[in-house]
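Survey of secondary and tertiary structure
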Amino acid sequence: MPQTLAARNAANRVTLGAHNGVRAITWSILAHDPQTGAFAVAVTTCNLAVGAAVPHLRAGVGAVATQSMTNRYLGPAILDAMARGVAPDLAIAGALAMDEGRALRQVHAIDRQGRTAAWTGERCVEWCGHITQAGWSVAGNMLSGEAVVADTAAAFAKGQALTLPERMVAALDAGEAAGGDRRGRQSAALRLITTEDFSDIDLRVDDHQAPLTELARLLQLWRTHRAPRMHEQPSRANPPGLHDLDVVEARFRAMGLPVRPR
């Protein structure tokens, strides 16, 4: 059964008016695909460039989202622990033990076994809470209500017919339809990693009136322009990647681009 932290310790939590200037007030979803080994994070907020702070991913290890007065050092610390085989709940607890601001933090994580865990500090801005399930996790704070997290989770759970990136964006759309961030909307991001040290997908909408709509548009462009040639990129299995100059120049000519004489 999913575990939820909905309004526990509500009387102790900070209200919107009492906590101006909070950064990375947001909601996010993490997921793992055991078939491909992919880890993915999708996130949106009413703040600038959420993709620069919240998502942390490592191939073969896991994914972390750290938000609500974001401490970015939590991401690498939790990933380091999970790389050693520490379960996500213990990895989060260990990282937070060294953070005097833990009561203000919200963080959730998923590992290569699909295990998930989350922390919503007692001083996070309401509404705040999380839902964790094997293979995915949703967490958010300063939201219009519990339905944002609940509807995001429900949409993801029902979206098995979609590929993982589209499924995650659709889940955030459902959360937005349920009210989203109490302040409005500004930025969004989607990152997905599989076997390499860098992301297969790294899309960021840093400042936009409709960030989720723009994120979906960018994902469509990625499907058209980048996905078909991912296998040609330098990789662990093929370090040089595509380097046949005849093939490269043929493509340049097909696009009407100049080719250097040999």
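Everything below is about the structure printed above this text.
Parameters at a glance
Residues numbered from 1 in each chain as written. Predicted model: local features only at pLDDT ≥ 70, side-chain atom pairs only at ≥ 80, totals over all residues. Heavy atoms only, no water. Helix = DSSP H or I, 4+ residues; strand = E, 2+ residues; numbered from the N terminus. Buried < 20%, exposed > 50% of the residue type's maximum accessible area, 1.4 Å probe, protein only.

Here we come to the environment of Arg84. With respect to the helices and strands, the residue Arg84 is situated in the loop between α1 (74-83) and α2 (88-97). Given a relative accessible area of 65%, Arg84 falls into the exposed group. Distance from Arg84 to Val61, taken between C-alpha atoms, is 8.9 Å for residues 23 residues apart in sequence.

With that settled, the discussion passes to unusual backbone geometry. With an omega dihedral of -10°, the bond running from Glu126 to Trp127 counts as a cis peptide bond. As for its placement among the helices and strands, Trp127 is situated in the loop between β7 (116-120) and β8 (129-133). Backbone geometry places Ala49, a non-glycine residue, at a positive phi of 55°. Take Ala49: its relative accessible area is 15%, and that puts it in the buried class. In this structure, Met69 is a non-glycine residue whose phi angle is positive, near 50°. Its place among the elements puts Met69 in the loop between β5 (62-67) and α1.

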